[in-house]
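# Architecture and fold: a report
What follows is the residue order along each chain.
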Amino acid sequence: GVHYTSREDIDHLIEPVLLKPWRLKWAELQEEIDASLALKPKGKALTAIQSKVEAFRESLGKIQILDPACGSGNFLVVAMQRLLDLELEVVKFQTERFQTQALSFHVGPQQLHGIEVLEFPHALASVVVWIGHLQWLRQHGYGVQERPILKKLHPIILGDSLLVDWPNVDAIIGNPPFIGSKRLRGALGDPYVDDLFEKWDGKLPREANYVCYWFEKARAAVAAGAAKRVGLLATDSIRKGKSRVVLDRIQTESKIFFAESARKWVLKGAA
């Protein structure tokens, strides 16, 4: 799946959407902890300080992430590994300040949710996620934490993302499919497109790019309190014509906090 979206592009999206808020919280907590330690606390006071750091580390393992067009799971793997990188920073801080050693990590595959319409990439996704988890542990000197090594990830489901309900999560990320409005019927078939237009009537113009449906559904999730932050890739046609309606609605009802108007892309025919 890397030929669709490179690691660099995934990182470029995940950093502002998923990691930046938690990095800011961690930086603030480090300052607070070091200020408290400067007072030479002992006993219960020291334990309370240690508990604050551990609580933050635990909170990293509770972040829920959805890729509603997950393919074989690349976005989910990168997101998990980047969160593991942040948790490792916390673990090193605990070792330096409190001389403790963490034997396991809170961040893991259990935080990841995916939806994929094609059977083969869906079957791969769970395996890819577990391999990505094991690779990270091995690269950082940690062994397998539990058996069996590979488990089925029930939160990664087979289905049409536009027809199934999305779970409540902290962050929605991904690279939904790009199909121009004039190519919808040829690519998806008349019955599907007719159902799509009926379901989304009044929410999106029929001339909108297929990717706009993911943006609109993500916007609705934020509006309903079912998601906090969203980062999705799209072709630059989303800012033009009838497709732009979805961006205008997002900007009116919440906020677009990071965007790039143009970016080099590896796929021919997609701008």
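Data block above holds the structure.
The notes below deal with the structure included here. (Residues numbered from 1 in each chain as written. Predicted model: local features only at pLDDT ≥ 70, side-chain atom pairs only at ≥ 80, totals over all residues. Heavy atoms only, no water.)

Moving on to the environment of T5. Following the sequence through the fold, T5 ends up in the segment before helix 1 (7–37). The class of T5 is buried, set by a relative accessible area of 5%. It is 32 Å that separates the C-alpha atoms of T5 and K92, two residues lying 87 residues apart in sequence. (Helix = DSSP H or I, 4+ residues; strand = E, 2+ residues; numbered from the N terminus. Buried < 20%, exposed > 50% of the residue type's maximum accessible area, 1.4 Å probe, protein only.)

Let's shift gears to unusual backbone geometry. Backbone geometry at K40 places phi at a positive 60°, although glycine is not the residue there. The phi dihedral of Q99 falls on the positive side, at around 55°, and the residue is not glycine. As for its placement among the helices and strands, Q99 is situated in the loop between helix 3 (74–98) and strand 2 (112–116). For Q99, a relative accessible area of 63% puts it in the exposed group.

Next up on the list: the packing of aromatic side chains. Per the stated rule, a full pass over the model turns up eight aromatic pairs. Plain terms: the ring middles of W26 and F56 are 5.3 Å apart, the flat faces sit at 20° to each other, and that makes the pair stacked. Highlighted residues: W26 in helix 1 and F56 in helix 2 (residues 43–60), separated in sequence by 30 residues. Grouping residues by exposure puts W26 and F56 together as buried. Measuring from ring centre to ring centre gives 4.9 Å for Y210 and W214, while their planes differ by 85°; the resulting arrangement is edge-to-face. Of the residues examined, Y210 reaches a relative accessible area of 6% and is grouped as buried. W214 gets classed as buried once you look at its relative accessible area, which sits at 4%. Site record: aromatic cluster; members linked through ring pairs are W22, W26, F56 and F93. Directly above the ring of W200 sits K203, whose terminal nitrogen or CZ lies 5.5 Å from the centroid. Lying across the ring of F257, R229 places its NZ or CZ 4.4 Å from the centre. (Phe/Tyr/Trp six-rings, centres within 6.5 Å; stacked < 30°, edge-to-face > 60°. Lys NZ or Arg CZ within 6 Å of the ring centre and 35° of its normal.)

Bringing the pairing of strand 2 into the picture now. Along strand 2, five of the five residues are buried, which leaves the element largely enclosed by surrounding structure. What you see with strand 2 is no split at all: L112, G114 and E116 on one side and H113 and I115 on the other are buried throughout. Inspection of the sheet shows strand 1 (residues 65–67) paired to strand 2 by three bridges, in the parallel sense. Residue pairing in the sheet places D67 in a bridge with G114 of strand 2. (Pairing = 2+ DSSP bridges.)

So, on to the packing of helix 7 (residues 211–223) against helix 8 (residues 244–253). Running from N to C, helix 7 and helix 8 point in directions that differ by 15°, and their axes come no closer than 9 Å. It follows from the interaxial angle that helix 7 and helix 8 lie roughly parallel. Considering the relative orientation of helix 7 and helix 8, their crossing is left-handed. Residues C212, F215, E216 and R219 of helix 7 form the contact with helix 8, whose participating residues are V246, L247, R249, I250 and E253. Across the contact of helix 7 with helix 8, the residue classes tally to five nonpolar, no polar and four charged. (Axes fitted to C-alpha atoms, helices over the stretch in contact; angles between N-to-C directions. Parallel < 35°, antiparallel > 145°, perpendicular 65-115°, else oblique. Left-handed = near helix turned anticlockwise from the far one by under 90°. Contact = heavy atoms within 4.5 Å. Nonpolar A, V, L, I, M, F, W, Y, C, P; charged D, E, K, R; others polar.)

With parallel pairing, the five strands of this open sheet are ordered in space as 3-2-1-4-5. Where the open sheet ends on each side, the last strands, each with one partner, are strand 3 (156–158) and strand 5 (229–232). Strand-to-strand twist of the sheet, defined as the mean angle between neighbouring strand axes without regard to direction, takes the value 15°. Running at roughly 170° to strand 3, helix 4 (residues 119–139) makes contact with strand 2 and strand 3 of the sheet.

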